[in-house]
Amino acid sequence: MGTEAVGTLAYDAPAAKVDRRRLIEQLGDAVRGLVAATCAAEAPPEELERAIAGTRQLAEGLRGFARPLGTASSSEDPLLPHLYPAGHGAGNPVAPPVHVEATEEGVRSRITLGRQYEGPRGRTHGGISALLLDEVLAYASTSAGRGGFTAYLNTSYHQAVPIQVPLEIRARIDAEDGRKTTVKGFIALESDPEVPLVSATALFVIPRADYEGNQK
Ligand SMILES: CCCCCCCCCC(=O)SCCNC(=O)CCNC(=O)[C@H](O)C(C)(C)COP(=O)(O)OP(=O)(O)OC[C@H]1O[C@@H](n2cnc3c(N)ncnc32)[C@H](O)[C@@H]1OP(=O)(O)O
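Predicted, not measured: the structure shown is a model, and the values here were computed from it.

> What's the story with the overall build of the protein in this structure? I'm lost.
A tally of helices and strands in the protein yields 3 helices and 8 strands. Secondary structure elements of the protein occur, N-terminal to C-terminal, as β-β-α-α-β-β-α-β-β-β-β. Dimensions of the protein, computed from the C-alpha atoms along their principal axes, are close to 60 × 45 × 35 Å. Expressed as a percentage of the 216 residues in the protein, the buried residues total 30%.

Shown next, in the form of structure tokens:
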């Protein structure tokens with residue numbers, strides 16, 4: 001059996017699954033690095049052609065093992081973090097590498113964004129800031145035992161969020177009302193964590209049991 005941390009608990013997942021999850025996370029990290037390098041590369045044509053051929057070959061190899069759309073990966077486990085969501089999945093190279101930890105007042109995530117998340121030169125794309133806030137604010141709701149789907153996410157962009165600079169994202173529950181949870185949070189520089197660069201308020205609604213969006 002292999003042990004993975006789940007919050008503060010240790011969970012003995014089957015060793016083969018743990019090993020496989022590590023490989024999936026390493027592949028996600030490797031491809032994320034490739035994507036960042038791709039967005040930064042001022043390479044000569046022959047190097048670009050070599051990269052195109054090599055990447056296409058790798059993609060073709062993996063495509064042969066694709067699971068059908070809408071089915072869960074065999075490596076998923078109800079007690080372990082999901083591997084592929086676009087907001088945080090460690091196995092998803094498009095997802096920013098979000099790790100969230102509990103704090104006394106809510107949750108916090110520390111992250112440094114790569115070149116692939118750039119919008120205006122040197123600045124994070126506003127949609128990526130919203131993605132990060134949706135993710136971390138949702139985590140605050142979930143870790144308080146509430147969860148729910150995002151009904152709205154109101155963002156205010158105060159200052160540029162820099163690329164390749166350590167950031168801190170904090171979130172806390174503002175109000176609870178039946179199925180509704182209002183959460184507030186912001187992105188700041190890790191070096192200046194009290195000054196919001198982008199702030200957000202989100203409403204998460206726990207769907208009714210008969211909500212058709214729950215049907216698979
Ligand atoms: C178990 C869930 C696990 C979720 C994991 C974390 C997810 C990570 C964050 C995401 O990105 S979620 C994906 C993006 N969001 C969605 O896809 C949600 C799409 N919208 C929906 O599915 C439904 O609109 C929703 C479940 C949010 C609400 O449907 P309901 O049928 O439960 O809403 P209903 O009309 O009964 O309203 C319930 C309450 O919420 C309020 N409400 C709903 N939408 C609102 C809105 N947009 N603005 C303000 N209030 C809103 C509504 O007024 C009402 O308040 P009161 O109880 O006080 O009357």
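> Just to check I follow, could you spell out the nonpolar core for this structure?
Soluble globular proteins: nonpolar side chains tend toward being buried together. Counting 23 residues, the largest nonpolar core has Leu113, Leu132, Leu137 and Ile187 as its most contacted members. Elements that contribute at least two residues to this core include exactly strand S4 (107-111), helix H3 (126-143), strand S6 (167-177), strand S7 (180-189) and strand S8 (198-205). Sorting elements by how many residues they give to this core places H3 first, with 6 residues. Discounting residues that sit within four places of it in the chain, Leu132 has contacts with Pro96, Val98, Ile111, Leu113, Ile169 and Ile187.

> Even after reading the chapter, I still don't get the site of the ligand, so can you show me in this structure?
In the region of the ligand, 13 residues are neighbours, and Asp134, Arg179, Lys180, Arg208 and Tyr211 sit closest. The separation between an oxygen atom of the ligand and a polar side-chain atom of Asp134 is 2.8 Å. At a separation of 3.3 Å, a nitrogen atom of the ligand approaches a polar backbone atom of Ala151. Burial of the ligand by the surrounding chains reaches 50%, relative to a free accessible area of 1,200 Å². Elements supplying a minimum of two residues to the shell around the ligand: H3, strand S5 (149-157) and S8. Ranked by residues supplied to the shell around the ligand, first place goes to S5 with 4 residues. Tallied by class, the residues present in the shell around the ligand amount to 7 nonpolar, 2 polar and 4 charged.

> Explain the side chain of Glu76 here, please?
Within the secondary structure, Glu76 is located in the loop between helix H2 (45-63) and strand S3 (100-102). Polar contacts involving the side chain of Glu76 include one to the side chain of His82, which spans 3.5 Å. At 3.0 Å, the side chain of Glu76 and the backbone nitrogen of Leu83 are in polar contact. When sequence neighbours within four positions are dropped, the list of residues in contact with Glu76 reads Lys17, Arg21, Pro81, His82, Leu83 and Tyr84.

> How do you make sense of the sheet that holds S8 when you look at a structure like this?
Strands in a sheet are paired, the pairing made by backbone hydrogen bonds, and the direction either parallel or antiparallel. An order of S3-S4-S6-S7-S8-S5 is seen for the 6 strands of this open sheet, with the pairing classed as antiparallel. Edge positions in the sheet fall to S3 and S5, since each of these pairs with one other strand and no more. Recorded for the sheet is a direction-independent mean angle of 20° between the axes of neighbouring strands.

> Sorry, what's going on with the confidence of the model for the protein here?
Segments scoring low in pLDDT should not have their predicted coordinates read at a detailed level. Here the protein averages 93 in pLDDT, while 93% of its residues score no lower than 70. Quick note on the complex model: pTM equals 0.90, ipTM equals 0.92.

> Explanation requested: the environment of Arg22 in the structure shown.
Mapped onto the elements of the fold, Arg22 is located in helix H1 (residues 15-40). Between the alpha carbons of Arg22 and Ser75 there is a distance of 10.0 Å; along the sequence they are 53 residues apart.

Cut-offs used in this document
Residues numbered from 1 in each chain as written. Predicted model: local features only at pLDDT ≥ 70, side-chain atom pairs only at ≥ 80, totals over all residues. Heavy atoms only, no water. Helix = DSSP H or I, 4+ residues; strand = E, 2+ residues; numbered from the N terminus. Buried < 20%, exposed > 50% of the residue type's maximum accessible area, 1.4 Å probe, protein only. Core = buried A, V, L, I, M, F, W, Y, C linked by side-chain atoms within 4.5 Å. Contact = heavy atoms within 4.5 Å. Near = heavy atom within 4 Å. Polar contact = N/O pair within 3.5 Å; in protein donor to acceptor, adjacent residues only side chain to side chain. Areas by Shrake-Rupley, 256 points an atom, 1.4 Å probe, with all protein chains shown as cover. Nonpolar A, V, L, I, M, F, W, Y, C, P; charged D, E, K, R; others polar. Pairing = 2+ DSSP bridges. Axes fitted to C-alpha atoms, helices over the stretch in contact; angles between N-to-C directions. pLDDT = per-residue confidence, 0-100.

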